[in-house]
Amino acid sequence: MTEHLKMDQVQPHLLDETGQGVLSVPMPRPEGPLKVTGRAPYAAEYKAEGMATGVMVRAAITKGTYAVDTASVEDMPGYLGVFTDKMVRNAAQGTMGTNPAQMGDKILYLGQPIAVVVAETFEQARDIAAVLKVDYTEDDDAVCDFDGVSDWPDSDKPDQGDLDQAMSDATFTVDSMYTTKPHNSAAMEPHAALAEWDGDKLTLHGSLQMLGYNRDEVADSLGIDAKNVRLLAPYVGGGFGSKLGMSPDCVGAAVAAKALGRPVRVVLSRNNVFEMIVLRTATRQRLRLAADKDGKLLGLGQENWQSNLPDEPMAEPVDLATHFLYGGENRRYGQHVAILNRPASGSVRAPGEAVGMLALENAMDELAEKSGIDPIELRLRNIPEKHPETGVQYSARSLAEALTEGAKAFGWDKRQKAGTRREGEWYIGMGVASAARTNILMESRANVTLNPDGTALVQTDMTDIGTGTYAILGQIAAEMLGLDPQKVTVELGDTDLPKSSGSGGSWGAASAGSSVFLGAKAIRRKLAERLGCDVEALRLQDGVATGGNNRRPLAELMDAPITEEGHIEPGQTDEDFHQAGYGAHFAEVAVNAVTGEVRVRRMLAAMAAGRILNHQTATSQVWGGQIWGIGTALTEAIEHDPRTGHVVNNDLAEYHVPVNLDVGDLEVMFIDERDDASSPIQAKGIGELGLSGAGAAVTNAIYNACGVRVYDYPATPDRIFPHLP
Amino acid sequence: MKSFDYVRASGIADAQDTAGRIIAGGTNLIDLMKHQIETPPKLVDVTRLEMTEIEQSAHSLRIGALVTNSDLAAHDTVRRDYPVLSRALLAGASGQLRNKATTGGNLLQRTRCPYFYDTTQPCNKRAPGSGCPAKEGINRILAVLGTSPNCIATHPSDMAVAMRALDARVEIESPNRGTEMLTLDEMYVLPGDDPSKETVLEAGDLITAVHLPQPPKGKQTYRKVRDRSSYAFALVSVAGIVDVEDGKITEAALAFGGLAPRPWRDGAVEDVLVGEAPSDALFDKAADVLLQDAQGFGENDFKIPLARRTLKAVLAELTGVTQ
């Protein structure tokens, strides 16, 4: 049986009625011990009988055509083959479900996968890949840099009102240009695939976030029926968007394995990951604010310039949160996507907000300074009653509470005027920024099985990419069925299991969680029937069912397991309400007066994302956002050579994610909230919300510390010290 | 990785193998071999040799070439008498790398210029005569002093910068020249016409130790400016040793990292300081001398003013002058 819910109307708070008390509370990940003892295998750790190893070959030119000279390596030790068939240009975009571009002999960026070399051992394959002769014909019309773009495409985003007029009518205005460098997801586990064929059937261990879509992408790339593809990814070592779409290693491994008639494993090198996997585009942004004498916005504008390869169905939605966060009658947006010969752009954690909120929230800080209004008060004055563009009502929105309660907890009242607090060689300052992240519910299915012995099983093709899926799905089932979470086994990451939302867009917890909730809800109804009570009266606790003056252990109600499928779909509430998570980030930084080096002393995030399903894993998610915010603000930048477009710093030594020493004290608080419109479990996405605005809080704190505004990210020392005395 | 022979040296003579490339910690060489930037036919593992001791004598401290960076940084005598060295070591790399990296290997690590590491790119250091794309490319971390038209790479070591300020000498056993003691300026060569040649060492030469002279008088410090607070190479670093007596600077030793193809020391900078009363104006004069020939390449122009600021702050700290 399938318990299906299309989210057409707000739902009752059943999870506030159940009595087990295992949801929301902090609970460590059940798979944690497996991970820290190496017993949770990642894709590259699987072995198969007779397995050969493949290594990707990267294009050494920026634009042109190529042909591999297989004869140049055929005699090398361990050589098994060089394959170029069906090679995909880059990873698929999230939720694409179709093949990424397959270019034949064409090259559009330096580092593009052009072949997979297969040998008996990894070392042999890498050596062959290094010396393989490739004949290139180079085109001389590559464009690799924003400065080389002669014609930026027009934007088709409609204006609302007249922003120019608002700017001239305004008492206070901000009109600033910001730039952000490209970002890499930098997941700890590089992408890897082990492909095994059994006749027409392909089994592939991969490092992937959204197996249902990925299966279609693999099948479409190979030209086979998706029914013949089984993907397995029970453990994934971080994704951050980089594993939303199928990656080139999957196709390379599958093609080679088919041709050789033996299993083939391909692991991307870290350098490969920086080139063959989508990265976040660089952006230029013009941000305009027009405010009256009280700081109330009359209008705002955000125009952006970015790049991608041809035919990529993704643009960084830079203004995503700007549409709904603040009021203001007159609004203008613009998006210009140039085609550049650089690695493909795509989703990297919090697409849109991660960089768009830097500009918006920096500009709000500037407006606060100009108008003499406290930055928190300024934001409170501009919270709109209804969506300022669509007029739709908001669902639960605790932005004001996050700002005010966060400020209290952080000690915002101790913030001083910019440039006035100094400790020895260090300027000290505080900054704030709002956080907002659109909430998305995706279709998702799960099977829930209750056994007579009081254990339960949850099965879905959902992934746990380090986020805590195993923990929260087990908790939801345990709460609904009245069990200790340790009695619930969660099986994930197998396309043979019911198709889920996958992990992405911060929708995984609420979407997959709702499917488990619904499956368990159907089981509750069956138990109520058997107990002879209304389901509303049923109480399940510690393996005992109570209701209608009856009280019986589960074992007495069941002689066989009960399995129910839960199936959630988004519905009318998505139209009737504008749903988003909200919050506020606070940062205290020290800026070195000599060198311009910035140290983040402490951060506080006040987050409101509906029902928090597990305080421990949710806190970890927000920590990740805060740390990512530090990286975005201070250190992370992909450098493209302006002549070749290639990623110059294609490793983790030179692409600087924050180290422990860069991260000061992190505090996370949650605003208690239920979002009735979001899902039957009243939860919203938390992961990317933790990043939205976090970097802006850091750079706003830099301004408060030393009076230097950051317009070009990241704020490395050379962007700060020239402006210091 | 290309196939190679591996031999374990059991004595100095084994290590002086002109056909072999010496490996100790391997923290840099193994990466270079994975990328086929270096493809030695034979590796000579010297880690079993008796070069792991730090020996103190009346006139010097002899640091065996195999002493790890972690052990050297933590050594009591180093911490007490040569704190600039301890600080420089701890400012470098990561804890894991310092546990593996050796004194001799640290001196001989290769540049981190990204074009050197990408075999699709020209690089005069890796492929002599192919060109230097860094000069007009992404050169934010590269050199502003001691460069040549052929190469603007920096030497990445922090340890060597402190050793340069400490007047360290490198003990080398050469199959042809016998035992030699070279200063770092004698050992490292500037890129000139052939950036692939980084030292005067020849095949078969083995660094056996580094000698530090008697502890210098005065205060010592190491200051490193970098893009993140650990595991990042220096944008600018300064190893400073300055003694002030009766209101005048009597001795000064200053060496710089992140600026040049080798740990950079310029006696003229020290000459400006010695015999003078410390002051902000004097420090500016010293910086003028240091940077008079400095040349930026666009992205790394900032290193010139940053070096000035950092040098002045170090001098202020060591002389007690309030800036």
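Residues numbered from 1 in each chain as written. Chains lettered and ligands numbered in written order. Predicted model: local features only at pLDDT ≥ 70, side-chain atom pairs only at ≥ 80, totals over all residues. Heavy atoms only, no water.

1. Structural notes on the overall build of chain B
The number of helices and strands found in chain B is 13 helices and twelve strands. Compactness check: chain B gives a C-alpha radius of gyration of 19 Å against a globular reference of 20 Å for 323 residues, within 12% of the reference. Dimensions of chain B, computed from the C-alpha atoms along their principal axes, are close to 60 × 50 × 35 Å. Considering only contacts in chain B between residues 6 or more positions apart, those separated by 24 or more positions represent 65%. For chain B, the exposed surface amounts to about 12,600 Å²; the carbon and sulfur share of it is 47%. (Helix = DSSP H or I, 4+ residues; strand = E, 2+ residues; numbered from the N terminus. Rg over C-alpha atoms; globule rule 2.2 N^0.38 Å. Contact = heavy atoms within 4.5 Å. Areas by Shrake-Rupley, 256 points an atom, 1.4 Å probe, with all protein chains shown as cover.)

2. Here's the deal with the packing of helix α4 (residues 211-222) of chain A against helix α5 (residues 248-260) of chain A
Residues and elements named next belong to chain A. Closest axis-to-axis distance for the α4/α5 pair is 10 Å, and the angle between their directions is 50°. Comparing their axes, α5 and α4 come out oblique. When you trace α4 past α5, the crossing you get is right-handed. Between α4 and α5, the contacting residues are V218, S221 and L222 on the first element and C250, V251, A254 and V255 on the second. By residue class, the composition of the contact of α4 with α5 is six nonpolar, one polar and no charged. (Axes fitted to C-alpha atoms, helices over the stretch in contact; angles between N-to-C directions. Parallel < 35°, antiparallel > 145°, perpendicular 65-115°, else oblique. Left-handed = near helix turned anticlockwise from the far one by under 90°. Nonpolar A, V, L, I, M, F, W, Y, C, P; charged D, E, K, R; others polar.)

3. Re the sheet that holds strand β18 (residues 426-438) of chain A
All names here are of chain A. Strand order in the open sheet made by the five strands is β17-β18-β27-β28-β29, with mixed pairing throughout. Only two strands of the sheet have a single neighbouring strand rather than two, namely β17 (422-423) and β29 (665-670). Bridging between strand β27 (residues 580-592) and strand β28 (residues 598-608) involves ten bridges; their strand directions are antiparallel. Bridge pairing in β28 places Y582 opposite A608. The sheet contacts of helix α9 (residues 399-410) involve β18, β27, β28 and β29, and relative to β27 the element is tilted by about 30°. (Pairing = 2+ DSSP bridges.)

4. Describing unusual backbone geometry
Along the chain, Y713(A) connects to P714(A) via a cis peptide bond; the corresponding omega equals -5°. Checked against the element boundaries, P714(A) lands in the loop between α15 (694-706) and α16 (717-720).

5. A word on the UniProt feature "domain: Aldehyde oxidase/xanthine dehydrogenase a/b hammerhead" (unreviewed entry) in chain A
The UniProt record annotates "domain: Aldehyde oxidase/xanthine dehydrogenase a/b hammerhead" (unreviewed entry) at residues 37-140 of chain A. In residues 37-140 of chain A, the share of helix is 10% and the share of strand is 32%. The end C-alpha atoms are 52 Å apart. (UniProt positions renumbered as here; feature names shortened; annotations may be inferred.)

6. Thoughts on the packing of aromatic side chains
Residue and element names in this part refer to chain A. Evaluation of the coordinates by the stated rule reveals nine aromatic pairs over all chains. Relative to W152, the ring of F146 has its centre 5.3 Å away and its plane inclined at 85°; by these criteria the two rings are edge-to-face. A relative accessible area of 7% places F146 in the buried class. For the pair Y178 and Y711, a centre-to-centre distance of 5.4 Å together with 50° between the ring planes defines the contact as tilted. Placement of Y178 in strand β8 (residues 172-180) and of Y711 in the loop between α15 and α16 is noted, with a sequence separation of 533 residues between them. In this structure Y178 comes out as buried when scored by relative accessible area, which is 1%. Under the relative-accessibility criterion, Y711 is labelled partly exposed at 26%. Here the aromatic residues F410, W412 and F586 are joined through ring pairs into a cluster of three or more. The cationic tip of R422 hangs over the ring face of Y427; the distance from NZ or CZ to the ring centre is 4.8 Å. One cation-aromatic arrangement involves R709 over Y703; the distance from NZ or CZ to the ring centre is 3.6 Å. (Phe/Tyr/Trp six-rings, centres within 6.5 Å; stacked < 30°, edge-to-face > 60°. Buried < 20%, exposed > 50% of the residue type's maximum accessible area, 1.4 Å probe, protein only. Lys NZ or Arg CZ within 6 Å of the ring centre and 35° of its normal.)

7. Comments concerning the environment of T95(A)
Residues and elements named next belong to chain A. Structurally, T95 is set in the loop between β4 (79-83) and β5 (106-107). Residues T95 and L80, spaced 15 residues apart in sequence, show a C-alpha to C-alpha distance of 34 Å. With residues up to four places along the chain from it excluded, the contact list for T95 reads M210, Y213, E217, M442 and W507.

8. A look at the side chain of N382(A)
Of note, N382(A) is situated in the loop between α8 (375-381) and β16 (393-394). In this structure, N382(A) is in contact with G295(A), K296(A), L297(A), L325(A), Y326(A), G327(A) and M364(A), ignoring residues within four places of it in sequence.

9. What about the nonpolar core?
The biggest cluster of nonpolar side chains holds 63 residues, and the ones touching the most others in it are V589(A), V591(A), L634(A), V698(A), I702(A), I720(A) and L273(B). Here this core gets eight residues from one element, more than from any other, and that element is α15(A). Those residues in contact with V591(A) that sit more than four places away from it in its chain are E425(A), W426(A), Y427(A), G596(A), E597(A), V598(A), I702(A), A705(A), C706(A) and I720(A). Core analysis: the second largest hydrophobic core is formed by 48 residues, A446(A), L473(A), L483(A) and L518(A) among them. (Core = buried A, V, L, I, M, F, W, Y, C linked by side-chain atoms within 4.5 Å.)

10. Thoughts on the environment of F297(B)
Residues and elements named next belong to chain B. Of note, F297 is situated in the loop between α12 (280-291) and α13 (303-319). When the C-alpha positions of F297 and I241 are compared, they lie 30 Å apart, and in sequence the two are 56 residues distant. Look past the residues within four positions of F297 in its chain and what remains in contact with it is K135, N139, A143, T147 and I152.

11. Things to note about the side chain of H211(B)
All names here are of chain B. Relative to the assigned elements, H211 resides in strand β8 (residues 206-213). On the accessibility criterion, H211 (15% relative accessible area) is buried. In this structure the side chain of H211 is engaged in a polar contact, spanning 2.5 Å, whose partner is the side chain of E171. The residues touching H211, leaving out its near neighbours within four places in the chain, are S60, L61, R62, D167, A168, R169, E171 and M181. (Polar contact = N/O pair within 3.5 Å; in protein donor to acceptor, adjacent residues only side chain to side chain.)

12. Re the interface of chain B and chain A
Facing the 36 residues of chain B at the interface are 42 residues of chain A. When the buried surface of chain B facing chain A is broken down by residue, R228(B), S229(B) and R309(B) rank first, second and third, together holding 22% of it. At the boundary of chain B and chain A, one finds three salt bridges. With a closest N to O distance of 2.7 Å, R223(B) and E425(A) form a salt bridge. Counting across the interface, chain B meets chain A through 16 residue pairs in polar contact (both at pLDDT 80 or more). (Buried area = accessible area lost by both parts, 1.4 Å probe. Salt bridge = Lys/Arg side-chain N within 4 Å of Asp/Glu carboxyl O.)

13. Some points on the pattern of salt bridges
Residues and elements named next belong to chain A. Evaluation of the coordinates by the stated rule reveals 69 salt bridges over all chains. Put simply, D85 and K86 hold a salt bridge, and the shortest N to O gap is 3.2 Å. Exposure remark for D85: the relative accessible area of 44% places this residue in the partly exposed category. Two residues, R601 and E588, come together in a salt bridge whose shortest N-O distance is 3.8 Å. Of this pair, R601 sits in strand β28 while E588 is found in strand β27, placing the two residues 13 residues apart along the sequence. Assessed through its relative accessible area of 7%, E588 is described here as buried. Residues participating in the shared-partner salt-bridge network are R421, E423, E588, R601 and R602.

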